[in-house]
Amino acid sequence: MRIGLYPGTFDPVTLGHADIIKRACGLVDRLVIGVAINRDKGPMFNLEERVEMLNEAIDEISDKTHCEIIVHPFENLLIDCATDVDATVIIRGLRAFSDFEYEYQMVGMNRALNADIETVFLMAEARYQAIASRLVKEIARLGGDISKFVPDKVVKRVARKLAKT
Ligand code: ADP
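This is a predicted model, so every value here is computed, not measured. (Residues numbered from 1 in each chain as written. Predicted model: local features only at pLDDT ≥ 70, side-chain atom pairs only at ≥ 80, totals over all residues. Heavy atoms only, no water.)

**Student:** Sorry if this is basic, but what is going on with the side chain of Ser-133 here?
**Tutor:** Take Ser-133: it is sitting in helix 5 (residues 133-141). For Ser-133, a relative accessible area of 14% gives the class buried. (Helix = DSSP H or I, 4+ residues; strand = E, 2+ residues; numbered from the N terminus. Buried < 20%, exposed > 50% of the residue type's maximum accessible area, 1.4 Å probe, protein only.)

**Student:** Looking at this structure, I do not really get the sheet that holds strand 2 (residues 30-36). What am I missing?
**Tutor:** In a beta sheet, neighbouring strands are held together by backbone hydrogen bonds and run either parallel or antiparallel to one another. On the basis of which strands lie adjacent, the open sheet formed by five strands has the order 3-2-1-4-5 and parallel pairing. Whereas interior strands pair on both sides, the edge strands pair on one side only; in this sheet they are strand 3 (68-74) and strand 5 (118-122). Ignoring which end each strand starts from, the neighbouring axes of this sheet average 30° apart. Where strand 1 (residues 3-8) and strand 4 (residues 89-93) come together, two bridges link them in parallel fashion. (Pairing = 2+ DSSP bridges. Axes fitted to C-alpha atoms, helices over the stretch in contact; angles between N-to-C directions.)

**Student:** Please clarify how the pairing of strand 1 should be interpreted in this entry.
**Tutor:** Regular strands place side chains that alternate from one sheet face to the opposite one. Of all the six residues making up strand 1, six are buried; the element is thus mostly covered by neighbouring parts of the structure. Both faces of strand 1 are covered, namely the face carrying Ile-3, Leu-5 and Pro-7 and the face carrying Gly-4, Tyr-6 and Gly-8. In this structure, strand 1 lies alongside strand 2, joined through six bridges in parallel fashion. Directly across from Pro-7, in strand 2, lies its bridge partner Gly-34. Once the chain exits strand 1 it traverses helix 1 (residues 15-25) before rejoining the sheet at strand 2, and the crossover so formed is right-handed. (Right-handed = clockwise from strand over helix to strand, strands pointing away.)

**Student:** Looking at this structure, how should I read the site of the ligand?
**Tutor:** The local shell around the ligand holds 18 residues, among which Tyr-6, Thr-9, Lys-41, Gly-93 and Tyr-128 are the closest. Arg-92 places a side-chain nitrogen or oxygen 3.1 Å from an oxygen atom of the ligand. At 3.4 Å from a nitrogen atom of the ligand is found a side-chain nitrogen or oxygen belonging to Arg-95. For the ligand, the accessible surface in isolation is 550 Å², of which the surrounding protein chains cover 90%. Among the elements of the structure, strand 1, helix 1 and strand 4 are those that each provide at least two residues to the shell around the ligand. (Near = heavy atom within 4 Å. Polar contact = N/O pair within 3.5 Å; in protein donor to acceptor, adjacent residues only side chain to side chain. Areas by Shrake-Rupley, 256 points an atom, 1.4 Å probe, with all protein chains shown as cover.)

**Student:** Would you take a moment to explain helix 1 for this structure?
**Tutor:** Note: α-helices contain 3.6 residues per turn, so residues at a spacing of three or four share the same orientation. Among the 11 residues that make up helix 1, eight are buried, leaving the element largely enclosed by the rest of the structure. Listing the buried residues of helix 1 in full gives Gly-16, His-17, Ala-18, Asp-19, Ile-20, Ile-21, Ala-24 and Cys-25. Among the residues of helix 1, the N-terminal cap falls to Thr-14, whose side-chain oxygen and the backbone nitrogen of Gly-16 are separated by 3.1 Å.

**Student:** Just to check I follow, could you spell out helix 2 (residues 47-62) for this structure?
**Tutor:** Taking 1.5 Å of rise per residue, 16 residues should cover 22 Å, and helix 2 covers 22 Å from first to last C-alpha, within 8% of that figure. Listed as buried for helix 2 are Glu-49, Arg-50, Val-51, Met-53, Leu-54, Ala-57, Ile-58 and Ile-61. In this structure, the buried side of helix 2 is in contact with helix 1, strand 2, strand 3 and helix 6 (152-164). Between a side-chain oxygen at the N-terminus of helix 2 and the backbone nitrogen of Glu-48 the separation is 3.1 Å; the capping residue is Asn-46. (Expected span 1.5 Å × (residues − 1). Contact = heavy atoms within 4.5 Å.)

**Student:** Would you mind going over the packing of helix 2 against helix 6 with me for this structure?
**Tutor:** One can describe the packing of helix 2 onto helix 6 by two numbers: an axis separation of 10 Å at closest approach and a directional angle of 155°. Overall, the two elements helix 2 and helix 6 adopt an arrangement that is roughly antiparallel. Mapping the contact onto sequence places Glu-49, Glu-52, Met-53 and Glu-56 in helix 2 and Lys-153, Val-154, Arg-157 and Lys-161 in helix 6. For the contact of helix 2 with helix 6, the class distribution of residues is two nonpolar, no polar and six charged. (Parallel < 35°, antiparallel > 145°, perpendicular 65-115°, else oblique. Nonpolar A, V, L, I, M, F, W, Y, C, P; charged D, E, K, R; others polar.)

Right under this line is the structure:
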C-alpha cells in the first residue's frame, strides 16, 4: 500500500489544491492531507475550519477515486509527520519559479533528515496554476469575485468571515 502526504496550510483550500489532490490520488493508495497549524502565517481560518473545508472539498473527489483520502492536522516537523502516517512520498504542488527555490531547499533539508522519503512535484491544470490562497483572500477583502478560484462552499465561508471582521 503506497501512502502519500500532501502538506500545506490550506487557508483556504482552492481549486488548485483540489486539482493536485485529484492527481495525487492517481499515484497513491492513501493520500493524507497534512494541514499545518501555521500560527505564524496568521491564517484567516482556524485549523478546525480549514479541516472542514478540506473535508467538504474531498467529498466530491472521493466518489471518483479508489484512493482513500484522509485529512490530518499536524504541528510537528513535516518529515516526522510523514513517518507518523507511514508515508513514503511527500506530494507538493508547483506553480511557478517562485515556488521552486523554496521547494528545492525543502527537498534538500528533508532528504538530509530522512533519505527514504521522496518528494514528488505535481502541476495543476493550466487554468488553476496561478491560484494562491493568499491572493484569493486579498481579492475577497477588496470585494472581488473568488468563485473561479475556490469551491462554492469556500466562497460562502470567506464572505461570512469577512462580514464578521
Ligand atoms: P504552504 O503554506 O505549504 O505553501 P499552501 O496551502 O499554500 O501551503 O499550499 C500547499 C501545497 O499546494 C504547496 O505545495 C503549494 O505549492 C501547492 N499549491 C497551492 N496552490 C497551487 C496551485 N494553484 N497549483 C499547484 N500547486 C498549488
